[in-house]
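So the chains spell out like this:
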Amino acid sequence: MASNSTKSFLADAGYGEQELDANSALMELDKGLRSGKLGEQCEAVVRFPRLFQKYPFPILINSAFLKLADVFRVGMLGSLASIIPERKNAHHSIRQSLDSHDNVEVEAAVFAAANFSAQSKDFAVGICNKISEMIQGLATPVDLKLKLIPILQHMHHDAILASSARQLLQQLVTSYPSTKMVIVSLHTFTLLAASSLVDTPKQIQLLLQYLKNDPRKAVKRLAIQDLKLLANKTPHTWSKENIQALCECALQTPYDSLKLGMLSVLSTLSGTIAIKHYFSIVPGNVSSSPRSSDLVKLAQECCYHNNRGIAAHGVRVLTNITVSCQEKDLLALEQDAVFGLESLLVLCSQDDSPGAQATLKIALNCMVKLAKGRPHLSQSVVETLLTQLHSAQDADRILMCHCLAAIAMQLPVLGDGMLGDLMELYKVIGRSATDKQQELLVSLATVIFVASQKALSVEVKAVIKQQLESVSNGWTVYRIARQASRMGNHDMAKELYQSLLTQVASEHFYFWLNSLKEFSHAEQCLTGLQEENYSSALSCIAESLKFYHKGIASLTAASTPLNPLSFQCEFVKLRIDLLQAFSQLICTCNSLKTSPPPAIATTIAMTLGNDLQRCGRISNQMKQSMEEFRSLASRYGDLYQASFDADSATLRNVELQQQSCLLISHAIEALILDPESASFQEYGSTGTAHADSEYERRMMSVYNHVLEEVESLNRKYTPVSYMHTACLCNAIIALLKVPLSFQRYFFQKLQSTSIKLALSPSPRNPAEPIAVQNNQQLALKVEGVVQHGSKPGLFRKIQSVCLNVSSTLQSKSGQDYKILIDNMTNEMEQRVEPHNDYFSTQFLLNFAVLGTHNITVESSVKDANGIVWKTGPRTTIFVKSLEDPYSQQIRLQQQQAQQPLQQQQQRNAYTRF
């Protein structure tokens, strides 16, 4: 009998064939919790997460938590602190439980008190004195005191509360010198200072004092750990004296483990504003040169240390000082940084121990930073990397390739110099098909694409294809093709995609690869563009559009309901429309020759008072082109706003496409439509110094060149002349000659964020309307859950959700009444902050007009930077507004009273007739 009941319970809980609704499933789990058998109770507890995933709504979750809290008592109450932080009965229960004689209940109450103190200011203020009395009480065991002290880290809600907690901690550190008590009190001290941001400099001094004077290693390690925390969170509060004291401690300590920790703190500070404070000139004092400071001496001493970690932090400090200091006479310091990096690189590339790769990453990051900050040192850095590539292990080679690619992206002039060595290495890379070898093939190919900058030579393509045919698998070929598309090497990408078409088992994958092949072919067609050759440009664009249309058909076929490829489809559609707009503008420019203005054009212009009409129909065509490019720019802006999960490089790519449209629109206006009022200040030269990729660098160069040409022609010639049309056509060709970059988000979605909405009341059948009387308001409750992928908040996080509710009248019913327009529609907007990824709010909607109304709820999000993103979703329900019974009764009575009068009037009319 017991086995049958257990089987029924498992089935009803959603793990068998039977599928229940939310309430029934919760009731069955409740039966399991109340079972007398411990095994069934445990099994019921582990079933709850699936129930939450399936029905992620507050009513069910709150009910389930209350049932679980009944099992776990106060401990579960502490876990609910973020949901019910201001619940007074919960506060009272925790205070009572702290006085309990049951040790388990007291420990649970301490846990709950810590969680509620972090969430509720009222609770923190009320419990602070109670905690202080227990900590200072002689009857309180030491173990309990050690658990109570960390609660004081949450007393940061106001300055008075933080000050009282700090005074208590100061007394504890002085009164209880035991190691455990000092460690717990000091760490709580640090967390309180980091949260309150009031006494951080005093806390740094206190930690440095313990680091210098306390002989216990455990206390020194704790002081170093807390100093590292404050260096990360508040580097601006570190004074020159603090850094100097830390340097002296590091120079004096004989223990490598402590020296490693102190150097870790210093390396963190060296990359922040604190390093400028350290080398700043104080009025009345002579600033010490960076070369003679204790920090530099320490870094130079540690660069060649036999401990890899110490050497890595020493090199990092030297690199940050070299990059951040503005003094010109730093040759010796620069050489020390370069030699230290070379030594560390050789040491790590020959070591296969677990920590060697982490140290190598630090060294390579320093190399990229040094090459960017001191470009004249980049050549020696690149030569060192190329030399080590031949002798390093495969895992280290991959990291070195990433470093070389980053340097070549920043300094394209180095690309040609490294290409020969890279090709030699690619030929002898190995003949095995291990994972590391495959990864190395991708990394080396990426560096080659970056180094070549423009189209690959025939020899380079042959070497890559030969190596791929011999040792690579299909996934490696796809990754290399993807990198080629990102770097603008579309001819290589097209051939690689073509080779993969017959190696996939799914038709969706086949259509995806086929679409990528067509897009690459389309972009390859644009490489034949030549300046001043406008007929050739039209044919190249037409050929490109042909392949783009084939590609978009395949891309549509590759999409599925679970993976709709919405960003990819919209990006390609915009590219197609942009190419068509370019082609139309070139044809418009050519029409000045093929269809010159008629003889009466001047008379028409004088009659209409529009001087531009003397140019004939080209003036209207130019206006249409300008509007078309502005419309495309707006659509690119919409795509940008809809791409909340995209990486920064992809968003920058979309932004560059939008700027291209705005540039051509501005050029048309400045040259032809309105030369007199054209302004070039807002489009001033933006420079290319901060470009993050070669594609961006080349696009910005084209923008600046086009703007200079437009500005030189502005008001110089009367529009429209052949000089104006030639300038526009050359601008189009210059933009299209830069190979389009298909960025990461086109191929790969690293962050996934979606919002699931639930509306109440909601009809059983989506097609049925909700009935509401016209003299009442509908309280529409909107609940939502933010759902994340495997890497939530990788690029940006949701700060608040904006809910927009609007209603429109679909169809009227009954008589026509004169009602104000304001009563016919609803338009409301509210912002809510998600709490543990859940949010809810309510709207009061008025439906005075009888008939069927369409309610649309649309959500968008605002990130931490205040940027609004149109993420959706968009939900629609129908409401039927009915006449209230009282008004209906009065109307019927009035109609009945009017009927005899109308009949009498009709009889009188017949009599007169």
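Keep in mind that what you see is a predicted model, and the values were worked out from it rather than measured.

### Looking at the overall build of the protein
Then, number 1: Secondary structure assignment for the protein yields 37 helices and nine strands.
Then, number 2: Per-residue burial for the protein yields a buried fraction of 49% across its 913 residues.
Then, number 3: Taking contacts inside the protein between residues at least 6 apart in sequence as the whole, the part at least 24 apart equals 72%.
Then, number 4: Entry remark: accessible area of the protein is about 44,700 Å², with carbon and sulfur atoms responsible for 52%.

### Here's the deal with the pattern of salt bridges
Then, number 1: A complete count under the given rule lists 25 salt bridges for this structure.
Then, number 2: Salt-bridge contacts for Asp199 lead to Arg166; the nearest nitrogen and oxygen are separated by 3.6 Å. Residue Asp199 is found in the loop between helix H11 (179-196) and helix H12 (200-213), and its partner Arg166 is found in helix H10 (residues 159-175); the two are separated by 33 residues along the sequence.
Then, number 3: Glu858 is paired through a salt bridge with Arg874; the nearest N and O atoms lie 3.0 Å apart.

### Quick word on the pairing of strand E4 (residues 798-812)
Then, number 1: Alignment of E4 against strand E7 (residues 851-863), held across 13 bridges, turns out to be antiparallel. Bridging from a neighbouring strand, Ser806 pairs with Thr856 of E7.
Then, number 2: Of the pairings in the sheet, the one linking E4 to strand E5 (residues 826-832) comprises seven bridges and is antiparallel in character. In the sheet register, Val801 faces E5, and the bridge partner there is Val832.

### Here we look at the environment of Phe123
Then, number 1: The topology assignment puts Phe123 in helix H8 (residues 121-136).
Then, number 2: Aside from chain neighbours lying at most four places away, what touches Phe123 is His91, Ile94, Ala113, Phe116 and Ser117.

### So, the pairing of strand E6 (residues 838-846)
Then, number 1: Burial of the side chains of E6 is restricted to one face: Phe839, Thr841, Phe843 and Leu845 are buried, whereas none of Tyr838, Ser840, Gln842, Leu844 and Asn846 on the reverse face is.
Then, number 2: Of the pairings in the sheet, the one linking strand E3 (residues 777-788) to E6 comprises nine bridges and is antiparallel in character. Residue Glu783 lies in a different strand from E6, and its bridge partner there is Ser840.

### Points about the confidence of the model for the protein
Then, number 1: Here the protein averages 85 in pLDDT, and 88% of its residues register 70 or above.
Then, number 2: Confidence over residues 1-19 falls short of pLDDT 50; this stretch has 23 contacts with residues more than four positions distant or in other chains.
Then, number 3: Residue range residues 685-689 is modelled with pLDDT below 50. Its contacts to residues more than four positions away, or to other chains, number eight contacts.

### Considering the packing of aromatic side chains
Then, number 1: What the rule picks out here adds up to 19 aromatic pairs.
Then, number 2: Between Phe567 and Tyr745 the ring centres are 4.8 Å apart and the planes differ by 65°, which places this aromatic pair in the edge-to-face class. One end of the pair, Phe567, is in helix H30 (residues 566-594); the other, Tyr745, is in helix H36 (residues 744-747), and 178 residues separate them in sequence. Both residues of the pair, Phe567 and Tyr745, count as buried.
Then, number 3: In this arrangement the basic side chain of Lys217 is found over the ring face of Tyr255, its NZ or CZ atom lying 4.0 Å from the centre.

### Comments concerning the side chain of Ser293
Then, number 1: If you trace the backbone, Ser293 turns up in the loop between helix H16 (274-278) and helix H17 (294-302).
Then, number 2: In this structure Ser293 touches Tyr278 and Phe279, once residues within four positions along its chain are discounted.

### What about unusual backbone geometry?
Then, number 1: Residue Ser760 is joined to Pro761 through a cis peptide bond whose omega torsion reads 5°.
Then, number 2: Positionally, Pro761 belongs in the loop between strand E1 (753-760) and strand E2 (770-773).
Then, number 3: Between Gly872 and Pro873 the backbone carries a cis peptide bond, its omega angle lying at 5°.
Then, number 4: Its identity as a non-glycine residue notwithstanding, Leu565 has a phi of 55°, on the positive side.
Then, number 5: Tracing the chain through its elements places Leu565 in the loop between helix H29 (534-558) and H30.
Then, number 6: The buried category is assigned to Leu565, whose relative accessible area is 8%.

### Some thoughts on the sheet that holds E6
Then, number 1: Strands sit in the order E1-E3-E6 across an open sheet of three strands; the sheet is antiparallel. Since the sheet does not close on itself, it has two edges, and those belong to E1 and E6, each with one partner. Looking at each pair of strands side by side, their axes are set apart by 25° on average, direction ignored.
Then, number 2: Bridge count for E1 against E3 is eight bridges, and the pairing is antiparallel. Looking across to E3, one finds that Ser760 is bridged to Lys781.

### A closer look at the packing of H8 against H10
Then, number 1: One way to put it is that H8 packs onto H10 with a least axis distance of 11 Å and a crossing angle of 10°. With respect to H10, the axis of H8 lies roughly parallel. On the side of H8, the interface is formed by Ala124, Val125, Cys128, Ser132, Ile135 and Gln136, while H10 contributes Leu161, Ser164, Leu168, Gln171 and Leu172.
Then, number 2: The residue makeup of the contact of H8 with H10, split by class, is seven nonpolar, four polar and no charged.

The rules we used
- Residues numbered from 1 in each chain as written.
- Predicted model: local features only at pLDDT ≥ 70, side-chain atom pairs only at ≥ 80, totals over all residues.
- Heavy atoms only, no water.
- Helix = DSSP H or I, 4+ residues; strand = E, 2+ residues; numbered from the N terminus.
- Buried < 20%, exposed > 50% of the residue type's maximum accessible area, 1.4 Å probe, protein only.
- Contact = heavy atoms within 4.5 Å.
- Areas by Shrake-Rupley, 256 points an atom, 1.4 Å probe, with all protein chains shown as cover.
- Salt bridge = Lys/Arg side-chain N within 4 Å of Asp/Glu carboxyl O.
- Pairing = 2+ DSSP bridges.
- pLDDT = per-residue confidence, 0-100.
- Phe/Tyr/Trp six-rings, centres within 6.5 Å; stacked < 30°, edge-to-face > 60°.
- Lys NZ or Arg CZ within 6 Å of the ring centre and 35° of its normal.
- Axes fitted to C-alpha atoms, helices over the stretch in contact; angles between N-to-C directions.
- Parallel < 35°, antiparallel > 145°, perpendicular 65-115°, else oblique.
- Nonpolar A, V, L, I, M, F, W, Y, C, P; charged D, E, K, R; others polar.

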